[in-house]
Amino acid sequence: PKVNIIDEQIEVSEEKLIKIINKTAGNIRRVVFSGGEPTIQQKQLEVVMRTLKEQDPVWKFEMETNGTMKLLPEVYFQLNQINCSPKLESSGNQEKLRNRPEAIQQYKSLYLDELMALQFKFVVGPKTFNKDLKEIQSWQKEHNIPSDIIYLMPQGITEKVIKEGSLKLAKTCQKYNYNLSTRLHILLYGSKRAV
């Protein structure tokens, strides 16, 4: 179903978000900032992370990003992991908007300096499989990224397509020492939102 982005958005202050996280987290002390693109709101998210850690230093934070914006130092010192999903040509995004080598190199440096965990996840389409794989390998070589932090995930919104894509990607991941990331939420709940 088509999503109306306006219906999905809410605006909250940093203070309100901290209250929401504390109320819903229960015993969990890990927050994953996802998007849209959370790096657009880095300064606000830094306040949230810093405040939560002041309340309880065991909090851990991950950020899911498309890899187009560098992180501010005050932000990356709070983060434990970056989950970066660079867009491929098959996404329809223009290369100048989706390819920002300076951001990728920063994430890689933070990882190599052991400041945080890092993974790069690529969505591979069933109709663009070979082209996507060739582009991923070229991107990997261009940025000198180790295979063991690359994850491939099948594109799709039905259980059948996800299973077929996962089987095909499993062989590719074994061949190139990549990781397989399936779409567990679709396998469990179908294409429902907010599960």
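About the criteria used
- Residues numbered from 1 in each chain as written.
- Predicted model: local features only at pLDDT ≥ 70, side-chain atom pairs only at ≥ 80, totals over all residues.
- Heavy atoms only, no water.
- Buried < 20%, exposed > 50% of the residue type's maximum accessible area, 1.4 Å probe, protein only.
- Helix = DSSP H or I, 4+ residues; strand = E, 2+ residues; numbered from the N terminus.
- Pairing = 2+ DSSP bridges.
- Right-handed = clockwise from strand over helix to strand, strands pointing away.
- Phe/Tyr/Trp six-rings, centres within 6.5 Å; stacked < 30°, edge-to-face > 60°.
- Contact = heavy atoms within 4.5 Å.
- Core = buried A, V, L, I, M, F, W, Y, C linked by side-chain atoms within 4.5 Å.
- Patch = residues over 30% accessible without salt bridge, like charges linked within 9 Å, V, L, I, M, F, W, Y side chains within 5 Å.
- Areas by Shrake-Rupley, 256 points an atom, 1.4 Å probe, with all protein chains shown as cover.
- Salt bridge = Lys/Arg side-chain N within 4 Å of Asp/Glu carboxyl O.
- Axes fitted to C-alpha atoms, helices over the stretch in contact; angles between N-to-C directions.
- Parallel < 35°, antiparallel > 145°, perpendicular 65-115°, else oblique.
- Left-handed = near helix turned anticlockwise from the far one by under 90°.
- Nonpolar A, V, L, I, M, F, W, Y, C, P; charged D, E, K, R; others polar.
- Expected span 1.5 Å × (residues − 1).
- Arc of directions from axis to C-beta.

*Asks:* So, the pairing of strand S1 (residues 30-33): which residues are in play, and what are the values?
*Replies:* Every second residue of S1 is oriented toward a common face, the buried set being Val31 and Phe33 and the non-buried set Arg30 and Val32. As paired elements, S1 and strand S2 (residues 60-65) share four bridges and run parallel to each other. The residue of S2 that forms the bridge with Val31 is Phe61. Considered for its hand, the β-α-β crossover made up of S1, helix H3 (residues 42-55) and S2 is right-handed.

*Asks:* Lay out the pairing of strand S4 (residues 117-124) with the relevant residues and their values.
*Replies:* The side-chain alternation of S4 yields one buried face, formed by Leu118, Phe120, Phe122 and Val124, and one unburied face, formed by Ala117, Gln119, Lys121 and Val123. In this structure, strand S3 (residues 81-84) lies alongside S4, joined through four bridges in parallel fashion. Bridge pairing in S4 links Gln81 to Ala117. The sheet contact formed by S4 and strand S5 (residues 150-154) spans five bridges and is parallel. By the bridge assignment for S5, Val124 is matched with Pro154.

*Asks:* Describe the packing of aromatic side chains, and please don't skip the residues or the numbers.
*Replies:* In this structure the tally under the stated criterion is six aromatic pairs. Ring centres of Trp59 and Phe61 lie 6.2 Å apart, and the angle between their planes is 10°; on these two criteria the pair is classed as stacked. Between Phe122 and Trp139 the ring centres are 5.0 Å apart and the planes differ by 75°, which places this aromatic pair in the edge-to-face class. Taken together, the residues Phe122 in strand S4 and Trp139 in helix H7 (residues 129-143) connect sequence positions 17 residues apart. Trp139 shares its class with Phe122; the two are buried.

*Asks:* Any details on the side chain of Gln106? Residues and values, ideally.
*Replies:* Tracing the sequence through the fold places Gln106 in helix H6 (residues 101-112). Classification of Gln106 by relative accessible area gives buried; the value is 13%. Excluding its chain neighbours within four sequence positions, the residues that come into contact with Gln106 are Lys70, Leu71 and Tyr76.

*Asks:* Give a description of the nonpolar core that names residues and reports values.
*Replies:* Core analysis: the biggest nonpolar cluster contains 39 residues, and Phe61, Leu71, Leu79, Ile82, Phe120, Phe122 and Leu152 have the highest contact counts within it. Other than its neighbours up to four places away in sequence, Phe120 contacts Cys84, Pro86, Ile104, Trp139, Ile145, Ile149, Ile150 and Tyr151.

*Asks:* Help me get a handle on a nonpolar patch on the surface, residues and values and all.
*Replies:* Taken together, the side chains of Ile10, Val12 and Ile20 make up a nonpolar region of the molecular surface, amounting to roughly 260 Å² of accessible area. Mapped onto the secondary structure, Ile10 falls in the loop between helix H1 (5-8) and helix H2 (14-25). Assessed through its relative accessible area of 72%, Ile10 is described here as exposed.

*Asks:* I'd like a rundown of the packing of H7 against helix H8 (residues 159-176), residues and numbers included.
*Replies:* Running from N to C, H7 and H8 cross one another at 25°; their axes reach a closest spacing of 13 Å. Compared by their axis directions, H7 and H8 come out roughly parallel. At the point where H7 passes H8, the crossing takes the right-handed sense. Here Phe129, Leu133 and Gln137 of H7 lie close against H8, whose contacting residues are Lys168, Leu169, Thr172 and Tyr176. Here the residues of the contact of H7 with H8 are counted per class, giving four nonpolar, two polar and one charged.

*Asks:* Requested: an account of the environment of Cys84, with residues and values cited.
*Replies:* For Cys84, the location among the structural elements is in strand S3. Using a relative accessible area of 0% as the deciding quantity, one classes Cys84 as buried. Separated by 66 residues in sequence, Cys84 and Ile150 have C-alpha atoms that sit 9.6 Å apart. For Cys84, the contacting residues outside a window of four places in its chain are Thr65, Asn66, Gly67, Ile104, Tyr107, Gln119, Phe120 and Lys121.

*Asks:* Quick rundown of H3? Include the residues and the values.
*Replies:* Relative to the 20 Å expected for 14 residues at 1.5 Å per residue, H3 spans 20 Å between its end C-alpha atoms, a close match to the ideal helical length. Buried within H3 we find Gln42, Leu45, Glu46, Val48, Met49 and Leu52. For H3, the angular spread of the buried residues around the axis is 165°, confining them to a single face. Exposed and oriented more than 90 degrees from the buried face of H3 are Lys43 and Glu54. The inward-facing, buried residues of H3 abut H2, S1, S2 and helix H4 (73-76).

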